[in-house]
Amino acid sequence: MKYLFGNWKMYLDYNESINLSKQLAEVNLPSKNKIVVFPSNLAFKAVQENLASTQIATGPQNVAWVPKGGYTGEVSAHMFKDLGATYALIGHSERRHVFGETDDEVRKKVEACLDAGLIPVVCIGETKEELSEGKREYRLKKQIMKVFENLDLSGKEIIVAYEPVWAIGTGTPCLPADADDIHGWVKNELKQYTNQEIPVLYGASVNAENVLSFLSLSTIDGILAGGASVKFNDWQEIVKKAEEI
Ligand code: PGA
């Protein structure tokens, strides 16, 4: 079983999100894999309802770290859980680099998800500068430590998505051999903090053509796709190809 996650980002408006979720529900491809889509908050409830009779689970792209209160513009993990969410993306590179989300905030959001009963999908990744300055492992080590140090999982699920920031949305992913190495390194790093098996997904420029080169690697437990997940045909191709693994 592999994880096939689709981050719809802010690519689709309300009607487009409804249409895509209806198309997915209509085709309802059976899969041995775990398929999850992350729609915008705007369309979350409607998408969740449209997919409720399928095996496709849903999650938000971000959550607030408190359950309720005077937090203008925020929506909490508990609130998404009430609407049927199962997962939540946390610390996506666009949250970190465009909106200035810090490692501390990411940690609080992870704890909020665990508290609310959502499975956090913690995104980690280095920038182009960090890569070229040889600081890739340093950056990943810090992001992992901030989330996992003294984190009380008590058997609760958590997922890590390795997303090299320099490859997101470029059409040119990390080379599979490079992804293989770094995933092995990440998995080893995670062992310092927990004996639980933590799935590690690859994200950044995954498409129907390259998906198998990642999914065929034993260090890669699944993929997180952005652009390819909002195009119905591309996503169906990804889901179909993943059946070959
Ligand atoms: P991409 O985005 O597949 O469009 O590169 C991946 C992501 O940001 O999660």
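Above this text sits the structure in question.
Residues numbered from 1 in each chain as written. Predicted model: local features only at pLDDT ≥ 70, side-chain atom pairs only at ≥ 80, totals over all residues. Heavy atoms only, no water.

**Student:** Residues and numbers for the overall build of the protein chain, please.
**Tutor:** The secondary structure content of the protein chain amounts to ten helices and eight strands. Relative to the globule expectation of 18 Å for 245 residues, the C-alpha radius of gyration of the protein chain, 17 Å, shows essentially globular dimensions. The principal-axis extents of the C-alpha atoms in the protein chain amount to approximately 45 × 45 × 35 Å. Residue burial in the protein chain is summarised as follows: out of 245 residues, 53% are buried. Averaging the positions of the 26 positive and the 33 negative side-chain charges in the protein chain gives two centres separated by 2 Å. (Helix = DSSP H or I, 4+ residues; strand = E, 2+ residues; numbered from the N terminus. Rg over C-alpha atoms; globule rule 2.2 N^0.38 Å. Buried < 20%, exposed > 50% of the residue type's maximum accessible area, 1.4 Å probe, protein only. Lys, Arg positive; Asp, Glu negative; His and termini not counted. Charge placed at Lys NZ, Arg CZ, Asp CG, Glu CD.)

**Student:** With reference to specific residues and values, describe the site of the ligand.
**Tutor:** Around the ligand lies a shell formed by Asn7, Lys9, His92, Glu163, Ile168, Gly169, Ala204, Ser205, Leu224, Ala225, Gly226 and Gly227. Contacts to the ligand include glycine 169, whose backbone N or O atom sits 2.6 Å from an oxygen atom. In the environment of the ligand, an oxygen atom lies 2.9 Å from a nitrogen or oxygen atom belonging to the backbone of glycine 227. Taken by itself the ligand offers 280 Å² of open surface, and the protein chains cover 96% of this. (Near = heavy atom within 4 Å. Polar contact = N/O pair within 3.5 Å; in protein donor to acceptor, adjacent residues only side chain to side chain. Areas by Shrake-Rupley, 256 points an atom, 1.4 Å probe, with all protein chains shown as cover.)

**Student:** Would you mind going over helix α2 (residues 44–51) in detail, with residue names and values included?
**Tutor:** Phe44, Ala46, Val47, Gln48 and Leu51 are the residues of α2 that are buried. Close packing links the buried residues of α2 with α1 (14–27), β2 (34–38), β3 (57–58) and α3 (77–82). (Contact = heavy atoms within 4.5 Å.)

**Student:** Please provide a residue-by-residue account of the layout of surface pockets, values included.
**Tutor:** Taken as a whole, the largest pocket encloses approximately 470 Å³ of empty space. Roughly 220 Å³ of internal volume is contained in the second largest pocket. Taken together, 18 residues line the second largest pocket, and the ones lying closest to its centre are Gly169, Ser205, Val206, Gly226 and Gly227. Residues belonging to the lining of the second largest pocket are distributed by class as follows: seven nonpolar, nine polar and two charged. (1 Å grid on protein atoms, 1.4 Å probe; cavity = no way out; pocket = protein on both sides within 12 Å on 5 of 7 lines; lining within 4 Å. Points joined across faces, edges and corners; volume = space filled by probe spheres on them. Nonpolar A, V, L, I, M, F, W, Y, C, P; charged D, E, K, R; others polar.)

**Student:** I'd like to hear about the nonpolar core, residue by residue, with values.
**Tutor:** Formed by 62 residues in total, the largest nonpolar core has its most connected members in Leu24, Val110, Phe148, Ile158, Tyr202, Ile223 and Trp235. In contact with isoleucine 223, other than residues within four places in its own chain, are Tyr3, Leu4, Phe5, Leu201, Tyr202, Val206, Val211, Phe214, Leu215, Trp235 and Ile238. Counting 14 residues, the second largest nonpolar core, distinct from the first, contains Phe38, Cys123, Ala161 and Leu224. (Core = buried A, V, L, I, M, F, W, Y, C linked by side-chain atoms within 4.5 Å.)

**Student:** Got a sec to walk through the packing of aromatic side chains? Specific residues and values, please.
**Tutor:** Tallied over the entire structure, the rule returns six aromatic pairs. Their ring planes at 65° and their centres at 5.3 Å tell us that phenylalanine 5 and tyrosine 87 sit as a pair that is edge-to-face. In this pair, phenylalanine 5 is assigned in strand β1 (residues 3–7) and tyrosine 87 in strand β4 (residues 87–90), connecting sequence segments 82 residues apart. In terms of burial, phenylalanine 5 and tyrosine 87 fall into one category: buried. Residues tyrosine 162 and tyrosine 202 carry aromatic rings whose centres are separated by 6.5 Å and whose planes lie at 50° to one another, so their mutual orientation is tilted. Of this pair, tyrosine 162 sits in strand β6 (residues 159–162) while tyrosine 202 sits in strand β7 (residues 200–203), placing them 40 residues apart in sequence. Here the aromatic cluster, defined as three or more aromatic residues joined through ring pairs, consists of Tyr3, Phe5, Phe38 and Tyr87. Lying across the ring of tryptophan 65, lysine 108 places its NZ or CZ 4.1 Å from the centre. (Phe/Tyr/Trp six-rings, centres within 6.5 Å; stacked < 30°, edge-to-face > 60°. Lys NZ or Arg CZ within 6 Å of the ring centre and 35° of its normal.)

**Student:** Pulling in residues and values, what's your account of the environment of glycine 70?
**Tutor:** Here glycine 70 lies in the loop between β3 and α3. On the basis of relative accessibility, which here comes to 76%, the residue glycine 70 falls in the exposed class. For the pair formed by glycine 70 and glutamate 101, sequence separation is 31 residues and the distance between their alpha carbons is 19 Å.

**Student:** Go over the packing of helix α7 (residues 136–148) against helix α8 (residues 176–191), please, and point to the residues and values.
**Tutor:** For the pair α7 and α8, interaxial distance at closest approach is 11 Å and the crossing angle is 40°. α7 and α8 meet at a crossing whose hand is right-handed. Residues Arg136, Glu137, Leu140, Lys141, Ile144 and Phe148 of α7 form the contact with α8, whose own contacting residues are Asp178, Ile182, Trp185, Val186, Glu189 and Leu190. Of the residues belonging to the contact of α7 with α8, the class tally is seven nonpolar, no polar and five charged. (Axes fitted to C-alpha atoms, helices over the stretch in contact; angles between N-to-C directions. Left-handed = near helix turned anticlockwise from the far one by under 90°.)

**Student:** Please provide a residue-by-residue account of the pairing of β7, values included.
**Tutor:** Here β7 shows a buried face lined by Val200 and Tyr202 and a second buried face lined by Leu201 and Gly203. Here β6 runs beside β7; their pairing, made up of three bridges, is parallel. Each residue of the ladder has a partner; that of valine 160, found in β7, is valine 200. As paired strands, β7 and strand β8 (residues 222–225) are joined by three bridges and run parallel to one another. Opposite tyrosine 202, over in β8, you have isoleucine 223 as the bridge partner. (Pairing = 2+ DSSP bridges.)

**Student:** I'd like to hear about the sheet that holds β1, residue by residue, with values.
**Tutor:** Pairing is parallel in the open sheet, where eight strands are placed in the order β3-β2-β1-β8-β7-β6-β5-β4. Unpaired on one side and paired on the other, β3 and β4 mark the two borders of the sheet.

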